[in-house]
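A structural walkthrough
What follows is each chain in one-letter form.
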There are 4 protein chains.
Amino acid sequence: MSHNTYGHIFRVTTWGESHGPGLGAVVDGCPPGVPITAEALQRWLDRRKPGQNRYTTQRREPDQVEILSGVFEGVSTGTPIHLEIRNQDQRSKDYSEIMEKFRPGHADITYWQKYGIRDYRGGGRSSARETAARVAAGGVARAALEQLAPGAEIQGYMVQMGPHQIDRSNFDADQIEQNPFWTPDPQAAQDWAEYLDGLRKSGSSVGAVIEVVARNIPAGLGAPVYGKLDADLAAAMMSINAVKGVEIGEGMAAAALTGEGNADEITMGNDGPRYSSNHAGGILGGISTGQDIVVRFAVKPTSSILTPRATITKSGETTEIVTKGRHDPCVGIRAVPVGEAMMAAVILDHLLLDRAQTGGIRGPIG
Amino acid sequence: MSHNTYGHIFRVTTWGESHGPGLGAVVDGCPPGVPITAEALQRWLDRRKPGQNRYTTQRREPDQVEILSGVFEGVSTGTPIHLEIRNQDQRSKDYSEIMEKFRPGHADITYWQKYGIRDYRGGGRSSARETAARVAAGGVARAALEQLAPGAEIQGYMVQMGPHQIDRSNFDADQIEQNPFWTPDPQAAQDWAEYLDGLRKSGSSVGAVIEVVARNIPAGLGAPVYGKLDADLAAAMMSINAVKGVEIGEGMAAAALTGEGNADEITMGNDGPRYSSNHAGGILGGISTGQDIVVRFAVKPTSSILTPRATITKSGETTEIVTKGRHDPCVGIRAVPVGEAMMAAVILDHLLLDRAQTGGIRGPIG
Amino acid sequence: MSHNTYGHIFRVTTWGESHGPGLGAVVDGCPPGVPITAEALQRWLDRRKPGQNRYTTQRREPDQVEILSGVFEGVSTGTPIHLEIRNQDQRSKDYSEIMEKFRPGHADITYWQKYGIRDYRGGGRSSARETAARVAAGGVARAALEQLAPGAEIQGYMVQMGPHQIDRSNFDADQIEQNPFWTPDPQAAQDWAEYLDGLRKSGSSVGAVIEVVARNIPAGLGAPVYGKLDADLAAAMMSINAVKGVEIGEGMAAAALTGEGNADEITMGNDGPRYSSNHAGGILGGISTGQDIVVRFAVKPTSSILTPRATITKSGETTEIVTKGRHDPCVGIRAVPVGEAMMAAVILDHLLLDRAQTGGIRGPIG
Amino acid sequence: MSHNTYGHIFRVTTWGESHGPGLGAVVDGCPPGVPITAEALQRWLDRRKPGQNRYTTQRREPDQVEILSGVFEGVSTGTPIHLEIRNQDQRSKDYSEIMEKFRPGHADITYWQKYGIRDYRGGGRSSARETAARVAAGGVARAALEQLAPGAEIQGYMVQMGPHQIDRSNFDADQIEQNPFWTPDPQAAQDWAEYLDGLRKSGSSVGAVIEVVARNIPAGLGAPVYGKLDADLAAAMMSINAVKGVEIGEGMAAAALTGEGNADEITMGNDGPRYSSNHAGGILGGISTGQDIVVRFAVKPTSSILTPRATITKSGETTEIVTKGRHDPCVGIRAVPVGEAMMAAVILDHLLLDRAQTGGIRGPIG
C-alpha cells in the first residue's frame, strides 16, 4: 500500500473528495472473465450508503456506480476497471468556519501542515466518502473470489458499540442483516438502538469494534516475512478512516494467554487438518491455515460532536468549535461493509500472489 | 511491504534461516553521508541477542554484524548497505521429530502447505532469528533519523506480561534499561520476574504487550489514504513474529469512548499547536501531528511448550508433540528492540517520502 | 512500471478503451501547490488529438479533459488528481470482421491469447487512444516541473520518417511547431508531406524516429543500479504504442565508436562542469549530468493498411484481412507529444525520488 | 525496477562494490522446489568472469558464489536466496588520482554530484563487477524457467563490434561458445580478434551490439499498458552498465519500413499460429506472441582509455586524465552473459505475473 493505491496484483487506486464532482476507483489486475455488472456492485454500495436510517448521516447520496472501462459483454477483460460515483448532495453551505478552524480529531490540521493547502469542504480527501470507492472495488474482488475460491464467504458485523459488547452466546449470523448495526446479537441490536438514540440526540458519538471473517479460504496464502497475510490485513484495516486498532484471532488478548491456552491443536480430519480452536485467527507465520480468517478493528467515535471543543485557527489563535453538519453518531456502523471490502481485496490479492509463486499447488498432507 | 522487503524509499530486504549459514539485510535508499559503524549497530543488536538472562533462549549467538557494502570511510554512500550476521550456535541435534510433525502454533504446517518444502531446522525462515536483521537495519534508520530529525527518540518497553499490566503511575523511563523486561514500572519488573520464573520452570510460556513511542517527530509524515503512517506502522508491527494485534494511541479502547472523551483539544503554544491529550497516538488522517507517536502490539505466548499437544504428521497421522529446545518463555521480551527497529525504519521512510512530495516544507500556522 | 501504472513517487494510473465511454488518468503523488487548470492541460492534449490534418486519423475527438479531484482553488492539493476524457466519436460500425480475425501487427491475437476475451472495438485497451491520458498526466508533470526545476524545457520532434532522416544542419527549433510533423528541418517537412501523401493515398503507412530532449535538468537525478534514469526512460518510451527501439545519446551508434570518439571531455565553466560533447545523452551511470537529456525512439509503421495480409480467425482458419477504418499513415506524428509527456513524468518522478534520498543537495565541485 | 531491485514477483536485489569485501544478490519470490546448486550457478558466472582471455580485464576474480539461504536439500524453499561472492583481487594501488579527478564517461562525477560522497576505488558501486550478481541471479531464473517453461532457451551473442557487423548468412549457433566474442559468425570472430588486438595495444576501446533471443516462450506474457514485456526488457537491458540503446525485433530500423514490409502475416499451423516473419521480435501490444523474443542492445566503448582526456577535479580545476588499470577493450564481450541473465529474469517474472492474473490459461484458437 502506498499513496492512494493498495494491493500487489489486484491493485486498487482511489480518487475523489467529499464535496468535489465525484470519486472513483481504478481496479487493476483483475483476472479476466469475471462477471461484473453495475447492479451487482450496487448491492454492496447500497449497504454502505448514507442516510439509510436515523443512525447514519442524513446526506443523500445514491452512490450510483458507473463502470467506465475494463468490462466487456458483462465480464472483466483483464484491463483496468474504472468505477465512478458522482457526488449529488454537496449541500451548498457556509464553510467559512472550518476553512479557518481545524476540527479536533479530524485530519484538518495534518493535511494543512503537510500540504499547506486543503480542500476543507466536508473534509475533502480525508472524508469517509472515500470508502464508497473501496466498497465498489471490493465488489469486484468478491466476484473474482467466487470464481477462484468457490465457497469463500466474507462477512463483517459489529461486536461492540461504545462499552457494550455482544454476548457471543447470542451469536446468530442470520440476524446480521436484520438490524441497522450489522450485529449478530439481537439483544445487543435492541440495546444499542436505545443507547445510540440518546447519544445522537445529545450530539455525542461513540466508537465500535467490527469483526470480519473470511471462510473457506485455502491454506497457503501469504508471503513471509514482510508480505504476510496478516500484515497486509492490518494495513488494509488501519487505512480505513477512524480505525485505531487491528487484531487477528485472539488479538491483544493473546498477551494474557499461556502457551497451553493459546495452542490450536491439530488432528487429522477426512479432508485435511482440523484445529481444536482458532486463537490464531486462521494465520500462522503470515500464511493462511485454511481455518476462518478472523480480523477485528476498532473505530474511534466520530470526532464531529455538538459539544464545543478548544481548537486553533490557521492564523494561530486559540478558539472553540462546534461541528454541526450531517454526521454519523457511530461511524463504526458504516465501517462494516468497508471492512468486508478490504478483506475481500486482500484475500483475492494473496490468492493471485500465491498462484504466481507456487502455482497454487499445495504441499500434500497424508 | 511485500515478499521479504519493506519500505518505500528506505527499503530493507532480509534473508536467512535459523540454522543456515547466516542472515542479513540489504538496506537500500539510505541517505548519503550518515555515519555508520559496525560498533554502533552492534549496540542495538546486543539488546536483542539471545542468552542474555534466564528469561531468553539459551542459544549462544554473538550476533556480530559485518558491513559488506554501502559504507565508505565511515559514512553511508547512498548505495545498498549489506549487513550480515553469520550463525554460530546451530547446535547439531536430532531434527527427526519436527521434520515429520508440525508444531502447533508454529508456521511449520503453513510453510509446508504453501511451498511443499520447508527448512524444518529451528523453524527455518519463520524463526524469530530473522528479527536480528531487522534490528541491524533499524540501527541504520536510527542513524539517519539523527541527521534528518534531530531530537527524535524511539523507545520501546513492555506494558503487560500475561494478564499483568504495568501501573502507569509508576512509569519511570529510566527504569526501562534496568530490568530484563524493558519495563518502566519497577514494581512490575519485580513481580514479573517471579511470575516468569514459575512459567519457565513449568515449561509454559506467556504473551506480552509492547509499547513503542517515537518522540519529536515532525508533523506532516504519512500519505493518505493507503500510504497512511498508521497503516504502515500496523503492517510493520504485525509482520513481527507472533504479533496478533496492533494499536495506535487509544487503540481498541477507542471503541468504548464518546466523541467528547476522545477529543484531543488544540490550543496555540509558543512553538506551535498543543494538544490537551493524545488519544490519537500522534496520527490524524494517517499523518503525524507532531505529538508522540504511540504504537502498541501484542505478542502471543511462545508456542514451544513442554506440555504435550495434539498434532499431525506430514503423512497425515494424528499424534502428540512436546517442543523441547532452547526457547523464550516470553518472546515478547526480545520483541522490544524489534518493535523499536520497525518504528525507526517506518518513520525514516515516511520522512523521506514526505520530503519527496512536499519538500518537507510545512503549511504555516500563525 | 507495472500493470497500468508508472512512476515511483509521481505515479500515473490510466484506464479506458478506444470505444468505451472514455478514458482517464489518476495522477498521484503530485507536489501540492502546483497551478493546474483544465485549460492548461488542454493545450497539451490539443497537440496530440486526432483529426488535425490530413496525416492523422479522421476520428473526431475533442479530447476535452475534466479534472475531477485533487485540485482545489486552481492548485494541486497533494491528493490524487483524476483527469477524465469522455469518448465522443465511437462511430457505430460493423465490427464483425475484426471480432473474428486477428489483425497482423496489432495486439488482437496476444490479448486474446492472454485473456481469452478482448474488447475488439478499435483495439480496445491496446489502442493508441490511451496515450491521451498520458498527455494529460504529462501536462501535470510539466506544471510541477516548472516549480521544481525552473527553466526546465522538454521538447520532442521528428528526426526520421520512413527512411528519410532530417539534415541536422537544418535544425531550427522554431520550425517544430510550424509543420504537421513536428520536425525542426523545414526541408524535411516539405519532402515528408509529399512522401506521406503518397503513402496515405495508397493505403500504406510508414515508421518514424522521434527525439525528445529535456534541457536545464539538474545533475544528480537517477538511482543506480536498477532505478537508473535511463532505465526508467527506456521503459517509459518502450511502453508507448508501436515503439520498437529506444536510444539515449549516441544510442545504437555508440557501438561503432572508440573510447576516444565517445569521450565527453569535461572542463570547468563559470557555473559548473562543461562538456565538450554529449555522446552520453546527459546520463552517466544512470544519473543525470546536467547536460541535455536526449532520448530517441522508433515507432513502427501503422499496422492497419489497405493491402490484404494473411491472418487467422479465432476458430483457427487461415484467411486474409484488409484493415479499413480511420487510421494514421504515420502514427509517429502523434507520438511526439506522447514522448514529451513520458519524459516530463519520468524527470519529475526522479526529481522527487532524488529529493527523498538526498534532499536534493548536490556534492560541491570547486 | 527501482533502487537496487528489479522484478515484480521474481525480485532481485543486489549489493556490493568493486573494491569492497564482496557483492551479492537476494533473489526473492523464486518458486519452491527448483533445483539450485552453487555448481550450476558457477557455470553461468564462469562465462562472465574476468581474465579469461586477452580481451577482458586481467583482474583475477574467481567469482565463486556461495548460497547462504533459501535453498534446502538442493532445492529452493520459496524464501529469499542469498548469493554472495567475495572479492579477491582488490589490488592495492594508489587511488589518489581518481579520488580527485572525475574520469570522463564514468559515473564518477554524477555519483559525486548526487551523493556528495563516492567510493572511488574501481568505480565503487558503478563498476561492472555488479553484473556478477546479475548473472548469479539469472542462473536461478534459468533453473526456474526449466521447470515452468520446459524447452525455453535463452541465448546471447555479439552481432557487432565497433563498426563491424556480423554477416547473418554466416550465422551458426554452435559457433557462439567457440570464440571469445560469443559471436555466431566464425569469420567475424577471426576479423574481430585482429581488430581488437590493435585497439587493445593502442590503449583504445570500442563498443558492441549484443542480441539476446528467448525461444519457446509461451504466448501471453506481459501486462499492458505499462507492465509491457518489452518495457520491462528495455529497462532491464538499459540498466546494464554502458548500454545506450535497446531494440525489440526490428528496433530502430522499424522506422524505415512500410506497413506492408513490417507485417508479420499469420497462418494456422498444426500447433497454433505461425508467422511469416518476426519483425515484432515476438511481442505485440506488450504481450509475447510465442515467437522468438529478440532483444538487442548497444554497449558503448569502455571509457577507460590510454589517450589523455580533459577533465576536472573535485576542487573545480580543469586537468587531464589517463585511465590506466585493468580494463576490457570491449566491455560488450562480458555483457553477453549479463544480457542473457536479465532476459531470463524478466521472462520468468512475467511468467509468474501472468499466472497470477490469468492462471496461465490461454484463450483457445481453433
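Note that the structure is predicted; figures quoted are calculated from it, not measured. Along every chain, residues carry numbers that run from 1 in the direction the sequence is written. Labels follow written order: the first chain is A, the first ligand is 1, and so on. Since the coordinates come from a predicted model, pLDDT governs what is reported: local features require at least 70, and pairs of side-chain atoms require 80 or more to be given and counted, while whole-chain, interface and lining totals use all residues. Values shown for side chains rest on all heavy atoms present in the structure; no hydrogens or waters enter the calculation.

**Observations concerning the packing of aromatic side chains**
To be explicit about the condition: By convention, a stacked pair of Phe, Tyr or Trp rings (six-membered ring in the case of Trp) has centres within 6.5 Å and planes under 30 degrees apart, an edge-to-face pair has planes over 60 apart, and any other such pair is tilted. Where helices and strands are cited, they refer to DSSP runs of H or I of at least four residues and of E of at least two residues respectively, numbered from the N terminus. In this scheme, a residue with accessible area under 20% of its type's maximum is buried, one over 50% is exposed, and one in between is partly exposed, where area comes from a 1.4 Å probe on protein chains only. To sit over a ring, a charge needs its Lys NZ or Arg CZ within 6 Å of the ring centre and within 35 degrees of the ring normal.
For the structure on display, the rule yields 28 aromatic pairs over all chains. A centroid spacing of 5.1 Å and a plane angle of 85 degrees characterise the contact between Tyr 157 of chain C and Phe 171 of chain C, whose relative ring orientation is edge-to-face. Of this pair, Tyr 157 of chain C sits in strand β8 (residues 153–161) while Phe 171 of chain C sits in the loop between β9 (164–165) and α5 (186–201); the two residues are 14 residues apart in sequence, bridging distant segments of the chain. Classification of Tyr 157 of chain C by relative accessible area gives buried; the value is 2%. Site record: aromatic cluster; members linked through ring pairs are Tyr 55, Phe 181 and Trp 192 of chain A. One residue, Arg 142 of chain D, lies across the ring of Trp 44 of chain D, its end atom 3.7 Å from the ring centre.

**Section: the packing of helix α1 (residues 38–48) of chain B against helix α4 (residues 131–148) of chain B**
All names here are of chain B. Test applied: Geometry is summarised by axes, namely lines fitted to C-alpha atoms with helices restricted to the contacting stretch, and by angles between N-to-C directions that run from 0 to 180 degrees. Handedness of a crossing follows from how the near helix is turned relative to the far one, being left-handed for an anticlockwise turn of less than a right angle and right-handed for a clockwise one. The contact definition used throughout considers only heavy atoms, calling two residues in contact when any of these lie within 4.5 Å.
As a packed pair, α1 and α4 sit with axes 9 Å apart at the nearest point and diverge in direction by 145 degrees. In this structure, the crossing between α1 and α4 has a hand that is right-handed. Residues Leu 41, Trp 44, Leu 45, Arg 47 and Arg 48 of α1 lie in contact with α4, whose contacting residues are Thr 131, Ala 132, Val 135, Ala 136, Gly 139, Val 140 and Arg 142.

**Remarks on the sheet that holds strand β1 (residues 5–6) of chain D**
Residue and element names in this part refer to chain D. This is how it is decided: A pair of strands is treated as paired once DSSP finds two or more bridges between them.
The five strands are arranged β1-β2-β3-β7-β4 in an open sheet whose pairing can be described as antiparallel. Of all the strands in the sheet, just β1 and β4 (65–69) have a single pairing partner and so form its edges. Pairing analysis gives two bridges linking β1 to strand β2 (residues 11–16), with the strands arranged antiparallel. Looking at β2, one finds that Thr 5 is bridged to Thr 13. Running over the sheet, helix α4 (residues 131–148) touches β1, β2, β3 (22–28), β4 and β7 (81–86) and is turned about 30 degrees from β3.

**So, the packing of helix α8 (residues 332–358) of chain A against helix α8 (residues 332–358) of chain D**
Keep this limit in mind: Angle categories: roughly parallel below 35 degrees, roughly antiparallel above 145, roughly perpendicular from 65 to 115, and oblique for all the rest. Three categories are distinguished: nonpolar for Ala, Val, Leu, Ile, Met, Phe, Trp, Tyr, Cys and Pro, charged for Asp, Glu, Lys and Arg, and polar for the others, with Gly belonging to the last.
Where α8 of chain A contacts α8 of chain D, the axes come no closer than 7 Å and their chain directions differ by 140 degrees. Looking at the two axes, α8 of chain A sits oblique to α8 of chain D. Of the two possible hands of crossing, α8 of chain A and α8 of chain D adopt the one that is right-handed. Contacts between α8 of chain A and α8 of chain D pair Leu 352, Arg 355, Ala 356, Gln 357 and Thr 358 of chain A from the former with Leu 352, Arg 355, Ala 356, Gln 357 and Thr 358 of chain D from the latter. Split into classes, the residues belonging to the contact of α8 of chain A with α8 of chain D amount to four nonpolar, four polar and two charged.

**As for the interface of chain C and chain D**
Formally: Note on definitions: buried area is the accessible-area loss of two parts on being combined, 1.4 Å probe, summed for both. Salt bridge, as applied in this entry: a Lys or Arg side-chain nitrogen positioned within 4 Å of an Asp or Glu carboxyl oxygen. Identification of polar contacts relies on pairs of N or O atoms within 3.5 Å, with a donor-acceptor requirement for protein atoms, meaning one able to donate a hydrogen and the other able to accept it, and with residues adjacent in sequence counted only if both atoms are side-chain atoms.
Chain C puts 114 residues into the contact, and the matching count from chain D is 114 residues. Roughly 8,500 Å² is buried in total at the junction of chain C and chain D, and carbon and sulfur atoms are behind 61% of that figure. When the buried surface of chain C facing chain D is broken down by residue, Lys 114, Tyr 226 and Lys 244 of chain C rank first, second and third, together holding 11% of it. Our count for the chain C to chain D interface comes out at four salt bridges. Between Arg 309 of chain C and Glu 265 of chain D there is a salt bridge, with its nearest N and O atoms 4.0 Å apart. Taken together, the links from chain C to chain D amount to 57 residue pairs in polar contact (both at pLDDT 80 or more). Counting residues per element, the side of chain C that touches chain D draws most heavily on helix α3 (residues 108–115) of chain C, at seven residues. When grouped by side-chain class, the residues that make up the side of chain C that touches chain D number 54 nonpolar, 43 polar and 17 charged. The pairing of strand β11 (residues 243–248) of chain C with strand β11 (residues 243–248) of chain D spans three bridges and is classified as antiparallel. By the bridge assignment, Gly 245 of chain C is partnered in β11 of chain D with Glu 247 of chain D.

**A look at the UniProt feature "binding site: NADP(+)" (unreviewed entry) in chain A**
Residue and element names in this part refer to chain A. Note the cut-off: UniProt positions are given in the numbering used here, feature names are shortened, and annotations may be inferred rather than shown by experiment.
In the UniProt entry, the feature "binding site: NADP(+)" (unreviewed entry) is given for Arg 48 and Arg 54. Along the chain, the position of Arg 48 falls in helix α1 (residues 38–48). When near neighbours in sequence (up to four residues on either side) are disregarded, Arg 48 contacts Asp 63, Ala 128, Arg 129, Thr 131, Ala 132, Val 135, Arg 334, Pro 337 and Val 338. Summarising the element assignment, Arg 54 is placed in the loop between α1 and β4 (65–67). Beyond its immediate stretch of four places on either side in the chain, Arg 54 contacts Asp 197 and Arg 200.

**Regarding the relation of the copies chain C and chain D**
Put simply, the rule reads: To superpose the copies, least squares is applied to the C-alpha atoms of every residue with a pLDDT of at least 70 in both.
Rotating chain C by 180 degrees and translating it 0.0 Å along the rotation axis places it on chain D, where the RMSD comes to 0.0 Å. The superposition of one copy onto the other is thereby described by a two-fold rotation axis. Interface overlap between copies: 100% of the residues of chain C at the interface are likewise at the interface in chain D, consistent with a symmetric, same-surface contact.

**A few points about the pairing of strand β8 (residues 153–161) of chain A**
Residue and element names in this part refer to chain A. The buried fraction of β8 amounts to eight of the nine residues, a majority that puts the element mostly inside the structure. Bridging between β8 and strand β10 (residues 208–215) involves eight bridges; their strand directions are antiparallel. Bridging from a neighbouring strand, Ile 154 pairs with Ala 214 of β10. Between β8 and strand β9 (residues 164–165), which pair antiparallel in sequence order, lie two residues; one of them, Gly 162, sits at a positive phi of approximately 55 degrees.

**Looking at the UniProt feature "binding site: FMN" (unreviewed entry) in chain A**
Residue and element names in this part refer to chain A. When the UniProt feature table is mapped onto this chain, "binding site: FMN" (unreviewed entry) is found at Arg 125, Ser 126, Ser 127, Asn 241, Ala 242, Gly 285, Lys 300, Pro 301, Thr 302, Ser 303, Ser 304 and Arg 326. Its place among the elements puts Ser 126 in the loop between α3 (108–115) and α4 (131–148). Not counting the four nearest positions on each side in its chain, Ser 126 is found in contact with Ala 107, Tyr 111 and Asn 241. Considering the arrangement of structural elements, one finds Lys 300 in the loop between β16 (293–299) and β17 (309–312).

**Structural notes on the relation of the copies chain B and chain D**
Both copies of the chain are related by one operation, a rotation about an axis with a shift along it. The two copies are related by a screw operation: chain B maps onto chain D through 180 degrees of rotation and 0.0 Å of translation along the axis, at an RMSD of 0.0 Å. Residue by residue, 100% of the interface of chain B is reproduced at the interface of chain D, so both copies engage with the same surface.

**Regarding the sheet that holds strand β2 (residues 11–16) of chain C**
Residue and element names in this part refer to chain C. Here five strands make up an open sheet; going across it, the order is β1-β2-β3-β7-β4 and the pairing antiparallel. Of all the strands in the sheet, the pair left with one neighbour each is β1 (5–6) and β4 (65–69). Bridge analysis of strand β3 (residues 22–28) against strand β7 (residues 81–86) gives six bridges, and the strand direction is antiparallel. Looking across to β7, one finds that Val 27 is bridged to Ile 81.

**Section: the pattern of salt bridges**
Tallied over the entire structure, the rule returns 97 salt bridges over all chains. A salt bridge links Arg 296 of chain A to Glu 211 of chain A; the nearest nitrogen and oxygen atoms lie 3.0 Å apart. Taken as a pair, Arg 296 of chain A in strand β16 and Glu 211 of chain A in strand β10 lie far apart in primary sequence, 85 residues in all. By the burial criterion, Arg 296 of chain A is buried, and Glu 211 of chain A matches it. A single network of salt bridges, built from pairs that share partners, joins Glu 66, Glu 84 and Arg 86 of chain A together with Glu 66, Glu 84 and Arg 86 of chain C.

**Quick look at α3 of chain A**
With eight of its eight residues buried, α3 of chain A lies for the most part within the structure. Those residues of α3 of chain A that are buried lie in contact with β17 of chain A together with β12 (266–269), β13 (272–275), β14 (283–284), β15 (287–288) and α8 (332–358) of chain B.

**Details of the side chain of Arg 142 of chain A**
Residue and element names in this part refer to chain A. Inspection of the secondary structure assignment puts Arg 142 in helix α4. Here Arg 142 falls in the buried class, since its relative accessible area comes to 14%. Among the polar contacts listed, one links the side chain of Arg 142 to the side chain of Glu 340, at a separation of 2.8 Å. Those residues within four positions of Arg 142 in sequence are excluded, and the remaining contacts are Trp 44, Arg 47, Ile 154, Glu 340 and Ala 344.

**What about the interface of chain B and chain D?**
Each side of the interface is counted separately: chain B has 43 residues, and chain D has 43 residues. Viewed at the interface, chain D and chain B are joined by four salt bridges. Across the pair Arg 86 of chain D and Glu 84 of chain B runs a salt bridge whose closest N-O atoms are separated by 3.5 Å. In this assembly, chain B and chain D are joined by 17 residue pairs in polar contact (both at pLDDT 80 or more). Of all elements in the fold, only β2 (11–16), β3 (22–28), β4 (65–67), β6 (75–76), β7 (81–86) and α3 (108–115) of chain B reach the threshold of two or more residues within the side of chain B that touches chain D. A per-element tally of the side of chain B that touches chain D places β2 of chain B first, with five residues. Considered class by class, the residues forming the side of chain B that touches chain D number 14 nonpolar, 18 polar and eleven charged.

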